[in-house]
Amino acid sequence: MTASRTADVVVVGGGIVGVSTAYFLGDAGLKTLIVERDSIGSHASGFAYGGLSSLAGPGPTEALAAEGMRIHRELAQSLPEQTGTNTEFRYRPSLALALSEEDVEAARDGLAWRRAQKGYKVRWVEPGEVQSIEPRVTGQTFGGMYVEGGADLEPYRLMLALTQAAEQKGATVVGGRVTGLRRDNDRVTGVTLENGDVAADHVVLSMGPWAEAASPWLGWTVPIRPLKGQILRLRAPGPPIRCSIGWDGQYAVTKPDGLVWTGTTEEEVGFDERPTGDARDQITRSFLQVLPSLGDADLVRQTACLRPITPDRQPLLGKAPELEGVYIATGGGRSGILLGPAMGRVIADL
């Protein structure tokens, strides 16, 4: 069958990783076709919290996180100039609270490593100083780790700007669903869509938690699954929470839209993206444990999304085995916005 169109590279999936890949491929002058079954940034990439920090700790993704942070700093300057879209990137401090002696011990164990990382100022603060930083935080803390150098942004705005910039560099976005790979023996020659074929020398599978659907195309099981996360956006009385407050994997901060964003959940419920009352109540209880005086806050919006995770919670990134020209990029988990541009850069370089 003759392909109805051609591209140098087909990117399957219009999330942060896929669009970042197309953006960087544009620098090499390659013609990229992004195939997205819904719309750009319509899943996890458009509904994430958008916190940015490469201080999670030493480990397999340490270098990738540092590169992601570096790229985000660059994009914060270049994207608004290129596209006119404000991604609401801003540097803001964070305060990771210790709510138990175990939290104190864990935080102090990683303090030296975090202090050694370039671009950050990190210090331990005692309970009294916690109150001076944010008086509305509960007095039942054991102190916290105060960090300067982190940032946040509005993920959907980032996706819009990144897509516009990729298109300016030659990328094309089309709606559709890929149903298989075209191949010549052990070499990919394009993709098959529901409404036609696309010939290409390279195919990037950046399908988020849906990447397992590519398993029959590849002849092996892609080890990925969805991890649901929900976020509340609240209209809270009083001044903004200017410092990102973190505790037990949760967070709260006032974003530029004037709302307090707080969450999140980690739910293994398959591909159910619906917001739920149970998650709303769980997040609210946790939020009020740390910021009890904000009990009068009104719920403005509740969002849910599915993050892609692997069995070891490390990204799946690189060339697909036994099929030349195919690349896989997924598994950013809760750090998808941070890691996404770096993952795209890695795939573009490959």
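Remember, it's a predicted structure, so these values are computed and weren't measured experimentally.

Q: If you had to explain the sheet that holds strand 17 (residues 298–309) to someone new, which residues and values would you point to?
A: Taken together, eight strands build an open sheet; the order of strands is 6-7-5-14-15-16-13-17 and the sheet is mixed. Among the strands making up the open sheet, the edge pair consists of strand 6 (121–125) and strand 17. Neighbour-to-neighbour, the strand axes of this sheet turn through a mean angle of 20 degrees, independent of strand direction. Relative to strand 14 (residues 244–247), strand 5 (residues 94–97) runs parallel, the two being bridged by three bridges. Looking across to strand 14, one finds that Leu-95 is bridged to Ile-245. Its contacts with the sheet put helix 9 (residues 277–290) on strand 5, strand 13 (225–235), strand 14, strand 15 (250–254), strand 16 (260–263) and strand 17, and the angle it makes with strand 13 is roughly 60 degrees.

Q: Describe unusual backbone geometry, and please don't skip the residues or the numbers.
A: Between Gly-263 and Thr-264 the backbone carries a cis peptide bond, its omega angle lying at 15 degrees. Topologically, Thr-264 is positioned in the loop between strand 16 and helix 9. Here the phi dihedral of Glu-88 falls at roughly 60 degrees; this positive angle occurs in a residue that is not glycine. As for its placement among the helices and strands, Glu-88 is situated in the loop between helix 3 (62–83) and strand 4 (90–91). A positive phi angle is found at Asn-185, which is not glycine, with a value near 60 degrees. Topologically, Asn-185 is positioned in the loop between strand 10 (178–184) and strand 11 (187–193). Its relative accessible area of 64% is what places Asn-185 among the exposed residues.

The rules we used
Residues numbered from 1 in each chain as written. Predicted model: local features only at pLDDT ≥ 70, side-chain atom pairs only at ≥ 80, totals over all residues. Heavy atoms only, no water. Pairing = 2+ DSSP bridges. Helix = DSSP H or I, 4+ residues; strand = E, 2+ residues; numbered from the N terminus. Axes fitted to C-alpha atoms, helices over the stretch in contact; angles between N-to-C directions. Contact = heavy atoms within 4.5 Å. Buried < 20%, exposed > 50% of the residue type's maximum accessible area, 1.4 Å probe, protein only.

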